[in-house]
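# Residue-level structural notes
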Amino acid sequence: MSLHIYNTLSRTKEKFEPLHAPHVGMYVCGPTVYSDVHLGNCRTFISFDIIYRYLKFSGYKVRYVRNITDAGHLEGDRDEGEDKFAKKARLEQVEPMEIVQRYTTSFHEVMRLFNCENPSIEPTATGHILEQIEMTQTIINKGFAYEVDGTIYFDVEKYNQQKPYGILTNRKLEDLLEGTRELGGQDEKHGRLDFALWIKAKPEHLMQWQSPWGMGFPGWHIECSAMSKKYLGSQFDIHGGGMDLAATHHTNEIAQNEACYNTSPAKVWMHTNMLTVNGTRMSKSLGNGFLPHELFTGNHPLLEKAYSPMTVRFFMLQTHYRSTLDFSNEALQAAEKGFQRLMNAMEIIKNYELGIKNSSKSELDFEIEKLCDDCYELMNDDFNTAMVLANLFELASKIFAIKNNQLDVSQISSTIFAKMKTTFVDFIETIFGLQNENSNSSNDKLDEVLQLLINLRKEAKAKKDFATSDLIRNQLAEKGIQLKDEKDGTISWNVI
RNA sequence: GGUCCUGUGGCCGAGUGGCUAGGCAGAGCUCUGCAAAAGCUCGUACACCAGUUCGAAUCUGGUCGGGACCUCCA
């Protein structure tokens, strides 16, 4: 099966056909850097990291654009709250750009810990003020926006007369209007759903730019439209983000692009589902967000212990990106053990060579081959990482059994063994981006020292001096190093 | 109120109209000086009520429960 992706726009899985194969343009809404990203935010970026990796693995040349929102984001009700950066800067008595810098840096650090690849381009809103002004001007010229005292609003009801505004989330304008309050006397916009493209700045506002309509700053939604157009063109392949962005942000993006360029920006809209805590969405405003470093240190009232970045990444892969994922200690602990098992299997197969040359195909061969082939089929079916993982665990069982001579190695042909090896390692490392966090090979000195102790223990065992051999094993275990007596008489170790 | 999603064994979580993932935890066995690790075996789940069907956890309708979005949020 070729790659199929669920498109929010059509609410079905569609065959993925790039506009300009082998090139793929993908835009993902990045973080607003006025505070630390929480784990829910990370889930989206990790999901798209895997999508990005898989597209590349499948042979596509991907341009992955993920923005940094560092201006224009207002608090509270539509277009009336305080600028988030300005507020934070005021509270901490620093420049808004210091806030931006601090949280951009910390975001990058978190992405690095989660082993997310850098996007091809990471544009900032403040770096594209001109493009946003130009786009706003064009929308005014086309008659879909109007100015009120230096602020420019998008005219949703006028737009809806020509194109369906609520197309992305399947909503009628009347229904949307029902959900909004009446405009009050002090409201300056004409329609209840109208949103700002450009906002007039008060004199004391710290971040403001010159525009045809006076000093001001851009609205939130226009940045993504302007930047996706600049780097991916007016139409590109995939636009992604969290599900919470679909109803407002992405809906407005589509309207802006249609009004400006007469085309919808993306062919495929992908939305990742929310991370929940006790069944409720993790969100900044609810204050139930876990920060990555709280997780890595275990420093959080709801956590019993620390969990590593790779454990969390693995944890997220066990669920499909379009399902909600509930966050709990128990689930995390299960993930930690499962992840370690998978990594153990990978270490083994990486270093294992099949002794015998065998070319005839056995039943076992067919079984292994199917498990391998299905991994690709499952990824092609809207990135079903959970099912792929199930297959990888099946392969892991085979790998352990081979190593422990619990499976007849002569039943496996050389080509199938090689296939299993590449499939296993490609999926774990290249596509899923998982890496062994306590690999033995990473520390040669430690290994040398341990070999010394291992030899002492071997001697003790040979002399049936089990008191000494157990002492060595137990004391190392206390230091977090586990010794294992293998079947062939060797002793291996790993950090636990 | 509107637009949707969802309800799976002790826990987390996939899923196709019939062949009933996977992980964690639990029980037994094998291996081992003892462990550990690993292998094998076991538990037979799909909210409830009707309907369609030879056959439904999977389709349809209803009931009850949970959640998201419609206001800033990945």
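Per chain, the residues get numbers from 1 upward, laid out in the order the sequence is written. Each chain is given a letter, starting from A, and each ligand a number, starting from 1, according to the order in which they appear as written. Since the coordinates come from a predicted model, pLDDT governs what is reported: local features require at least 70, and pairs of side-chain atoms require 80 or more to be given and counted, while whole-chain, interface and lining totals use all residues. Side-chain measures here rest on the full set of heavy atoms in the structure, leaving out hydrogens and waters.

This next bit is on helix H1 (residues 39-57). Taking 1.5 Å of rise per residue, the 19 residues of H1 would be expected to cover 27 Å, and the 26 Å separating its terminal C-alpha atoms lies within 8% of that figure. Under the scheme applied here, a residue whose accessible area is under 20% of the maximum for its type counts as buried, over 50% as exposed, and between as partly exposed, the area being computed with a 1.4 Å probe on protein chains only. Helix numbers and strand numbers start at the N terminus; a helix is a DSSP run of H or I with at least 4 residues, a strand a run of E with at least 2. Buried residues dominate H1, accounting for 16 of its 19 residues. One or two positions beyond H1, positive phi appears at Gly59, with a value near 105°. In this scheme, a helix's expected span is set at 1.5 Å multiplied by one less than its residue total.

This part is about the domain arrangement of chain A. Start and end positions for the domains come from either an automated domain assignment or a database one. Here chain A is partitioned into domain 1 (4-272), domain 2 (280-431) and domain 3 (440-495). Facing 33 residues of domain 1, the contacting portion of domain 2 comprises 35 residues. The term buried area means the drop in 1.4 Å probe accessible area that two parts suffer when joined, counted for both and summed. Buried area between domain 1 and domain 2, summed over both chains or domains, comes out near 3,100 Å², and the portion from carbon and sulfur atoms is 66%. Of all residues in domain 1, Leu39, Arg43 and Tyr54 give up the largest surface area on contact with domain 2, accounting jointly for 25% of the area buried on that side. Note on contacts: a residue pair qualifies if any of its non-hydrogen atoms lie within 4.5 Å across the two residues.

If DSSP finds at least two bridges between two strands, the strands pair. The 4 strands lie next to each other as S5-S6-S7-S8, forming an open sheet whose pairing is antiparallel. The sheet terminates laterally at strand S5 (145-148) and strand S8 (216-218), the two strands that pair on one side only. Taken pair by pair, the neighbouring strands of this sheet meet at an average axis angle of 20°, ignoring direction. Both S5 and strand S6 (residues 151-154) contribute to a ladder of 4 bridges, which runs antiparallel. Considered in S6, the bridge of Ala145 is made with Phe154. Every axis corresponds to a line fitted to the C-alpha atoms, with the helix fit spanning only the stretch in contact, and the corresponding angles, defined between N-to-C directions, vary from 0 to 180 degrees. Strands S5, S6, strand S7 (195-200) and S8 of the sheet are contacted by helix H4 (residues 129-141), whose axis makes an angle of about 120° with S7.

Backbone hydrogen bonds are what pair the strands of a sheet, in a parallel or an antiparallel way. Read from one edge of the open sheet, 3 strands run S12-S11-S13, paired in mixed fashion. Each edge of the sheet is formed by a strand with only one pairing partner; in this case those strands are strand S12 (280-281) and strand S13 (325-327). Across 2 bridges, the pairing between strand S11 (residues 275-277) and S12 is antiparallel. Following the sheet pairing, Val277 is matched in S12 by Thr280.

Take helix H7 (residues 220-232) next. Compared with an ideal rise of 1.5 Å per residue, which puts 13 residues at 18 Å, H7 spans 19 Å between its outermost C-alpha atoms and is within 8% of the ideal. By the criterion of burial, H7 is predominantly enclosed, with 10 of the 13 residues buried. Listed in full, the buried residues belonging to H7 are His221, Ile222, Glu223, Cys224, Ser225, Ala226, Met227, Ser228, Tyr231 and Leu232. Phi for Gly233, located one or two positions after H7, is positive at around 90°.

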